[in-house]
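Overview (structure and organization)
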Amino acid sequence: MPNLQASKKSLRADRKKTVFNQRKKVLMKKAIKKVRDLTIAGDVKEAQENLPAAYEAIDKALKRKVIKKNTAARKKSRLVGAIKRVQE
């Protein structure tokens, strides 16, 4: 346990931030998984309708710096690529 008052406050803030960031990460993963599952099932139209929600979740995680810029770009690219592969 920290001894200094500032260290204690920092610990409290870190715990709150961790919960918030984990929530953003889980929402992002759920949105991506939903699109992925729809593409695997072959439901292209439904996957394309859910793609903006996945993009939004990825962008929000990026904005909070839960993930890095290139990671966000890679996730978006792979989602679109998966949909295009199923379309063909």
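This report concerns the structure included in the present document. (Residues numbered from 1 in each chain as written. Predicted model: local features only at pLDDT ≥ 70, side-chain atom pairs only at ≥ 80, totals over all residues. Heavy atoms only, no water.)

This part covers the overall build of the protein chain. Across its full length, the protein chain holds three helices and zero strands. In the protein chain, the succession of helices and strands from N to C terminus is α-α-α. Here the C-alpha atoms of the protein chain give a radius of gyration of 17 Å, more than 25% beyond the 12 Å that 2.2 N^0.38 yields for 88 residues. Its C-alpha atoms give the protein chain principal-axis dimensions of roughly 60 × 20 × 15 Å. Every one of the 88 residues in the protein chain was classed for burial, and the buried ones make up 25%. (Helix = DSSP H or I, 4+ residues; strand = E, 2+ residues; numbered from the N terminus. Rg over C-alpha atoms; globule rule 2.2 N^0.38 Å. Buried < 20%, exposed > 50% of the residue type's maximum accessible area, 1.4 Å probe, protein only.)

Attention now moves to helix α1 (residues 5-41). Counted at 1.5 Å a residue, the expected span for α1 with its 37 residues is 54 Å, and the 54 Å between its end C-alpha atoms agrees. Check the buried side of α1 and you find it contacts α2 (44-63) and α3 (69-87). G42 lies just past α1 and shows a positive phi near 90°. (Expected span 1.5 Å × (residues − 1). Contact = heavy atoms within 4.5 Å.)

Considering all chains together, one arrives at three salt bridges under this definition. Here K33 makes a salt bridge to D37, at a shortest N to O gap of 3.9 Å. Here K33 and its partner D37 are both found in helix α1, four residues apart, which amounts to about one turn of the helix. Classification of D37 as partly exposed rests on a relative accessible area of 39%. (Salt bridge = Lys/Arg side-chain N within 4 Å of Asp/Glu carboxyl O.)

Turning next to the packing of aromatic side chains. This model, assessed by the stated rule, comprises zero aromatic pairs. Geometry around Y55 places K76 over its ring, the cationic atom sitting 5.2 Å from the centre. (Phe/Tyr/Trp six-rings, centres within 6.5 Å; stacked < 30°, edge-to-face > 60°. Lys NZ or Arg CZ within 6 Å of the ring centre and 35° of its normal.)

The next subject is α2. With 20 residues, α2 should cover 28 Å at 1.5 Å per step; its first-to-last C-alpha distance of 28 Å lies within 8% of that length. At N50, α2 shows its strongest bend, of approximately 35°, with the proline P52 following within four residues. For α2, every residue scored as buried is listed here: V44, A47, N50, L51, A54, A57, I58 and A61. For α2, the elements touching its buried residues are α1 and α3. (Bend = angle between axes of the 7 residues up to and from the residue.)

Right, let's get into the nonpolar core. Grouped together as the largest cluster of nonpolar side chains are 17 residues, with contacts concentrated most on M28, V35, I58, I67, L79 and I83. For this core, the secondary structure elements donating two or more residues are α1, α2 and α3. When residues in this core are grouped by element, the largest group, seven residues, is from α2. Once residues lying within four places of it in the same chain are set aside, the contact partners of I83 are V35, T39, V44, A47, Q48 and L51. (Core = buried A, V, L, I, M, F, W, Y, C linked by side-chain atoms within 4.5 Å.)

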